[in-house]
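# Structural characterization, general
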Amino acid sequence: MLAIARMSNHKVTTAITRARAIASHMSTSAAPCLDQPVLFQSNGSTRTFVLNRTKKLNTLNAAVIDALRHQVELWSKSDLCRIIIGTGSGRAFCAGGDVTSVLRDALDVETRPRALDFFRKEFELDYVLSQLLKPYVAILDGITMGGGVGLSINAPFRIATDKSVFAMPETKIGFFPDVGASYFLPRLDGEVGTYLALTSETLVGREVFEHGLATHYITSRSVPTLLAHLAALENPNFSQINRTIEELHVERQPNEASGKLTGTVREALDAAFRHDTVEEIMQNLEASVDASDTRVRLWAKQTLETLHMRSPTSLKVALLAQRRGRQMSLSEAMQMEIGIATAYCSDASQDFRTGITAALIDKIQGRPGWSPDNVSDVSPETVDRFFSEHSPYRSSAPKLSVDNFPGRNFDFMTYSLPSESELLDSIRSVCEKGPVTIPGLLRTLDDACKRKFGTAEKILDIVHRKCDVTTSNGTATATWKGNDHVADTIAMAEG
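Once a new chain begins, its residue numbering starts again from 1 and follows that chain's sequence as written. Where totals are concerned, whole chains, interfaces and linings use all residues; where local detail is concerned, this predicted model gives features only for residues with pLDDT of at least 70, and gives and counts side-chain atom pairs only at 80 or more. As a rule here, side-chain values cover all heavy atoms of the structure and leave hydrogens and water aside.

### Section: the packing of helix α12 (residues 278-288) against helix α14 (residues 312-325)
When two helices pack together, their arrangement is given by the angle between their axes and by how far apart the axes lie. Interaxial angle, 0 to 180 degrees, is taken between N-to-C directions of lines fitted to C-alpha atoms, where a helix line uses only the stretch in contact. Segments assigned H or I by DSSP are reported as helices when at least four residues long, segments assigned E as strands when at least two residues long, and all are numbered from the N terminus. Interhelical geometry of α12 versus α14 gives an angle of 105 degrees and a closest axis separation of 10 Å. With respect to their mutual orientation, α12 and α14 come out roughly perpendicular. Residues Val 278, Glu 279 and Ile 281 of α12 lie in contact with α14, whose contacting residues are Leu 315, Lys 316 and Leu 319. Broken down by class, the residue content of the contact of α12 with α14 amounts to four nonpolar, no polar and two charged. Put simply, angles under 35 degrees are roughly parallel, angles over 145 are roughly antiparallel, angles from 65 to 115 are roughly perpendicular, and the rest are oblique. Working rule for contacts: check all heavy atoms of both residues, and any pair within 4.5 Å makes them a contact. Residues were grouped as follows: Ala, Val, Leu, Ile, Met, Phe, Trp, Tyr, Cys and Pro as nonpolar; Asp, Glu, Lys and Arg as charged; and all remaining residues, including Gly, as polar.

### A word on the pairing of strand β13 (residues 475-480)
Here a strand pair is declared whenever DSSP counts at least two bridges between the two strands. In this sheet, β13 lies alongside strand β11 (residues 436-437) in antiparallel orientation, the contact comprising two bridges. Residue pairing in the sheet places Val 436 in a bridge with Ala 478 of β13. Looking at chain direction, strand β12 (residues 467-472) and β13 are connected through six bridges and run antiparallel. Across the sheet, residue Thr 471 finds its bridge partner in β13, namely Ala 476.

### Here's the deal with the sheet that holds strand β5 (residues 136-140)
Sheet strands line up and pair through hydrogen bonds in the backbone, either parallel or antiparallel. Within the open sheet, the six strands sit side by side as β1-β2-β3-β5-β7-β10. Their pairing is mixed. The open sheet terminates on both sides in strands that have one partner only, identified here as β1 (38-43) and β10 (216-217). One ladder, built from six bridges, connects strand β2 (residues 46-51) with strand β3 (residues 83-88); its direction is parallel. Within the sheet, the bridge partner assigned to Arg 47 lies in β3 and is Ile 84. Its contacts with the sheet put helix α9 (residues 223-232) on β1, β2, β3, β5 and β7 (157-160), and the angle it makes with β5 is roughly 170 degrees. Lying on the sheet, helix α10 (residues 238-246) is in contact with β3, β5, β7 and β10; it crosses β7 at an angle near 10 degrees.

### Describing the sheet that holds β13
Taken together, the three strands give an open sheet; going across it, the order is β11-β13-β12, and neighbouring strands pair in antiparallel fashion. Pairing within the sheet leaves two strands with one partner each, and these edge strands are β11 and β12. Contacting β12 and β13, helix α21 (residues 455-466) crosses the sheet at an angle of about 100 degrees to β12.

### Things to note about unusual backbone geometry
The omega torsion across Ser 371 and Pro 372 is -5 degrees, close enough to zero to call that bond cis. Tracing the backbone through its elements, the reader meets Pro 372 in the loop between α16 (351-361) and α17 (380-387). Phi is positive for Asn 58, close to 60 degrees, though the residue is something other than glycine. For Asn 58, the location among the structural elements is in the loop between β2 and α2 (62-77). To sort residues, take the accessible area from a 1.4 Å probe on protein chains only and compare it with the maximum for the residue type: under 20% means buried, over 50% means exposed, and anything in between is partly exposed. In this structure Asn 58 comes out as buried when scored by relative accessible area, which is 1%. A positive phi is found at Lys 363, a non-glycine position, where the angle reads about 55 degrees.

So, in structure tokens, the structure goes:
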């Protein structure tokens with residue numbers, strides 16, 4: 001009996017100790033100072049950071065980055081923490097880095113090391129988040145751009161809402177898409193990533209999910225419910241978390257517009273942005289301005305106008321970074337990017353200074369005074385300043401300390417919609433056998449549709465691009481177009 005009593009007392013003591021630890025941990029977060037730039041909260045087994053520079057759309061500065069890294073590394077080692085969640089206050093998750101301060105430091109040789117150290121810290125934080133062994137959930141309920149994408153893109157679970165606004169806006173300010181963009185954008189379907197990198201165009205709401213930049217889509221008003229459900233999980237694993245989020249998925253409503261990069265526009269996009277030079281991309285778009293399809297014609301005209309507004313040097317640097325990043329690991333891509341960022345800070349191009357001054361300081365509406373002013377005037381030697389190991393503009397690039405993490409072998413697209421190439425193989429295998437009704441095709445691919453909400457819509461978009469679809473007696477039938485159609489599409493786009 002005494003032994004039993006001792007065992008019982010030991011269990012009680014252990015339970016009390018654990019309860020005190022939990023209470024102590026929660027008390028440190030229960031009443032945070034609300035004017036802090038980043039808040040840290042505890043709820044059950046979840047630990048949440050809340051970016052809290054509301055008036056600045058939660059942009060990142062060195063203090064925020066340092067605080068985030070310190071706390072995330074503590075959470076990663078805590079037995080009490082089972083899920084890490086990232087959110088933002090106000091109407092943004094995070095609108096990017098505080099580039100005005102970075103430029104100010106970069107302009108002076110004496111303070112330039114501080115600008116480079118900002119990029120080093122930012123990239124290393126993004127890499128730390130990519131290597132977390134614990135589930136990481138990023139809530140993209142608002143503006144998510146630039147550095148905000150870097151904070152979230154490698155989370156296994158990235159939640160888009162009807163308020164999400166995604167962009168990599170760097171070519172607007174004479175810079176290039178960084179924070180790992182040369183790794184994750186080339187891994188999107190087709191040439192969507194190249195298009196986003198060069199144009200700085202935005203995706204909104206459901207589009208962020210449909211193009212793989214988010215893994216799930218829910219309504220903004222469902223976010224508190226999701227957070228409560230996650231906090232209630234006692235011993236959560238990745239599959240449990242995925243199911244919990246999927247339960248809140250909202251299907252497209254009958255009156256909801258389809259995404260802008262679908263159908264014939266997507267075909268034209270892939271045909272144009274598959275090229276490896278900016279000049280060829282623009283030539284292809286010029287030919288598409290005369291397309292018979294109204295959507296394609298308008299899209300091509302707008303895209304040409306957009307590219308004309310961007311820094312010619314940035315367009316060429318961004319395109320080459322995208323192409324090289326296809327073959328790189330995340331750490332390799334980030335090391336390449338910090339070399340490019342160093343070159344920009346070291347005046348390899350005046351456009352970084354010109355772009356930030358025009359967009360963020362003077363806030364002009366027109367085209368900044370880029371130099372060179374035309375894509376054709378940006379020489380290979382100029383582009384080489386950003387990539388060559390022997391470039392003096394890159395000589396002070398810091399080495400990222402990313403080799404000391406246990407890491408995880410995890411594809412950031414694991415919980416996203418299936419890739420187009422994956423679905424295309426299944427669609428082709430069914431349609432090549434002969435005409436098939438759309439309902440029959442969806443029944444054949446039912447397993448894929450059941451595994452992930454949104455898959456059926458993606459299948460239908462692919463079918464309408466890759467198959468001839470006819471309707472008879474109210475039933476749509478698909479016939480595979482074959483590889484000749486792809487060649488014809490490219491030939492027409494090239495005029």
